[in-house]
Amino acid sequence: MPTTTAAFQIEPLEPRVLLSAGGPIAEFDDPTPPGVTLVFDADNPIDYRDAAGRLVSVSLKGEGLGNLAMPIDPGAPPTVWLDGTTTDSQLTIRTRGNHHTPLAGLRIADPIGQIRAKTTDLVGDANLDAIQRLELGDIVNSVLTIEADNDEDIDARRGLTITLGSATDASLTTDHKIKSLTATQWVGLDELDDTIDAPAIERLFVRGLRRLGIDGDFNAALSLTGAGMDERDALLRLARIAGDVTGTNWSVPGRVDRVQINGTAADTQLTFDSLRALKITRADTLTLAAGTVGTILSNDWLDGRIEAESVNSIRTAAVKRHDLDGDLSADLALGVAGDQGGNHKARTVGSVNVAGDVIDAVWSILGKAGVLNIRGDVAGLEVGGPSHIARLALGDVESASVSAERIAAVQAVRWLSGDLTAGYVGLLRTVGNHREAKLGDFGAALALTSTFAGGPVLGAALIAGSILAPNWTLEGTVNRIKTARIAQEFEGVFDGLVRNFQVITDMAGTFDFKQLGKLDVGGDIEDAFVTIRESIRRFDLDGVLSDLSRFNLPDLDDIEDIFDEIEDFFDDDRFDLF
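Residues numbered from 1 in each chain as written. Predicted model: local features only at pLDDT ≥ 70, side-chain atom pairs only at ≥ 80, totals over all residues. Heavy atoms only, no water.

Colleague: Just give me the short version of the overall build of the chain, but keep the residues and values in it.
Modeller: Check the secondary structure of the chain and you find one helix and 43 strands. Each of the 578 residues in the chain was classed as buried or not, and the buried ones make up 53%. Sequence-distant contacts in the chain: of pairs separated by 6 or more residues, those separated by 24 or more amount to 34%. (Helix = DSSP H or I, 4+ residues; strand = E, 2+ residues; numbered from the N terminus. Buried < 20%, exposed > 50% of the residue type's maximum accessible area, 1.4 Å probe, protein only. Contact = heavy atoms within 4.5 Å.)

Okay, structure coming up:
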């Protein structure tokens, strides 16, 4: 018949060794023989030798009775059972010289205060009741389960403190709130998913160990349920990962305060109700999905997606000595999808500041955006949806498509292709970069349509280089357009008053003006076709009007005064009145 305790059943392993109280129960010069079971309690600690001949000491403080069973197979590690412990009990396992020793399993049927076994490597499963502090060495191919039979045994306010070495192919499940979970690394080498399931974690530290070449990677799936937690409490206060986070999902249906990943996050999804701060060195195919987000800081975010109802700040910073350029090529989906009502007018993103490049990214923003600033190169960027952008600042733009209701200011080094669509733009400016021989050309299509008839659509367009070959359609009042040159392929329709149109050097292309205040051309007009439908007040030409250029002009009383610098105006077949 098996020997039975009050809480669980122990299979008989012979011989059992129990000596008198007051000293080690058993000590062997050679590895403890297979099949021996050593019994210990607070008055009777035990010493044994593991398969490698290391001396191991096991002791128990407080209530409880323990059994350490050596398996039948020679060389296999033992298993420890405990019964009758209380929250004042403490299990301690030590090895001389801090050498590590393996343990095949750990079973504790009743609550216990502490387990201190930092040189004990768990190579099997562990099942524990309520506990306050757990220290183990490495855990390998292990499922660590900490679940209290009685909810009253859990001190939810204090939480559980767990300190581990390296966790490999290991999972943790607990109904305790975890006050602190610390590990050297948590990695998976087999095809099974490693998981950590808990109501909440105050602090998660994966530290690495440089002297052993351990970077501190973390590949476990993290699921925090919030069970039993106050809704005002953070379910994850701080997570700090020294290495990489790869191929995993974090799910936290509540508030997350701070997450810091010092390595690379790849093929990973982070899903939170809210997030105060995320700091990550490098992201590659990382998806962040959250409600409200405070700040996001990364040195490179190469692929992936950021989804949020609102974000205060997204920023990248370059670290050239580590080949981190500050790029951000993640897609953005900010705002409440499908909501064109009240939230559509709310501030969705405070600022996006990118130190490096943005390549092939889609930024969907519902609501208002503050500053969108990209210092590097831009290619394949799409920005759409915002009701208002306070400032859009771009570096050298190969191609970009931007759509918004209103944009206070747009600036780029140059903008070679794409399109800009809005109801109003306060300032459109290209500045060039003479050190790199970039003259500030603008080659994007421009479509500005006022939300009310006759309203302004453009405060000023100041193009340092040439306006290239796009189509411009401006349906409303324009205060000023100034450019160095206009290419022959340009086509523009200005269905409103243009108060001042200035070309520093040569002008070509096709123009259809409804009303023109002043046309000022500092160079030649070459192969241009200009129509002015209703009125023009002044025309200044410092260069030559080519024979192939033509003007269609309204039949106005003061038309001779407007063009008085051109001799024989009415006899010139380049000018037609209608």
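Colleague: Give a detailed account of the pairing of strand β12 (residues 112-117), specifying residues and quantitative values.
Modeller: Direction of pairing for strand β9 (residues 90-95) relative to β12: parallel, over a ladder of three bridges. Counted as the bridge partner of Leu91 is Ile115 from β12. Relative to strand β15 (residues 131-136), β12 is paired through five bridges, and the arrangement is parallel. The partner of Ile112 across the bridge, within β15, is Ile131. (Pairing = 2+ DSSP bridges.)

Colleague: Tell me about the packing of aromatic side chains, residues and numbers included.
Modeller: Overall, the coordinates contain 12 aromatic pairs when judged by the stated rule. Taking the centre distance of 5.9 Å and the plane angle of 85 degrees together, the rings of Phe501 and Phe511 count as edge-to-face. You can see Phe501 sitting in strand β39 (residues 491-503) and its partner Phe511 sitting in strand β40 (residues 507-521), a full 10 residues away along the chain. For Phe511, a relative accessible area of 1% puts it in the buried group. Ring geometry for Phe511 versus Phe513: centroids 6.0 Å apart, planes at 5 degrees, classification stacked. The two residues Phe511 and Phe513 agree in class, both being buried. Within the aromatic cluster, the residues linked to one another by ring pairs are Trp415, Phe442, Trp472, Phe490, Phe494, Phe501, Phe511 and Phe513. (Phe/Tyr/Trp six-rings, centres within 6.5 Å; stacked < 30°, edge-to-face > 60°.)

Colleague: I'd love a proper account of the pattern of salt bridges, names of residues and values included.
Modeller: Inspection of every chain in the model, using the stated rule, returns 18 salt bridges. Close ionic contact of Glu202 with Arg203 constitutes a salt bridge, the shortest N to O distance being 3.8 Å. We classify Arg203 as partly exposed; its relative accessible area is 28%. Residue Arg533 pairs with Asp512 through a salt bridge whose shortest N-O separation is 2.9 Å. Taken together, the residues Arg533 in strand β41 (residues 525-541) and Asp512 in strand β40 connect sequence positions 21 residues apart. (Salt bridge = Lys/Arg side-chain N within 4 Å of Asp/Glu carboxyl O.)

Colleague: A description of the nonpolar core should follow, citing residues and the corresponding values.
Modeller: Of all hydrophobic cores here, the largest spans 143 residues; its most connected members are Leu91, Trp186, Trp250, Trp301, Trp363 and Phe501. Setting aside anything within four residues of it in sequence, one finds Trp363 in contact with Leu328, Ala330, Asp331, Leu332, Val352, Val354, Val358, Ile374, Leu381, Glu382, Val383 and Gly384. (Core = buried A, V, L, I, M, F, W, Y, C linked by side-chain atoms within 4.5 Å.)

Colleague: Which residues make up unusual backbone geometry, and what values go with them?
Modeller: For Thr285, which is not glycine, the phi dihedral falls at a positive 60 degrees. Mapped onto the secondary structure, Thr285 falls in strand β26 (residues 249-289). Of note, the phi angle at Ala437 is positive, near 55 degrees, even though the residue is not glycine. Relative to the helices and strands, Ala437 resides in the loop between β34 (418-430) and β35 (445-449). What makes Ala437 exposed here is its relative accessible area of 61%.

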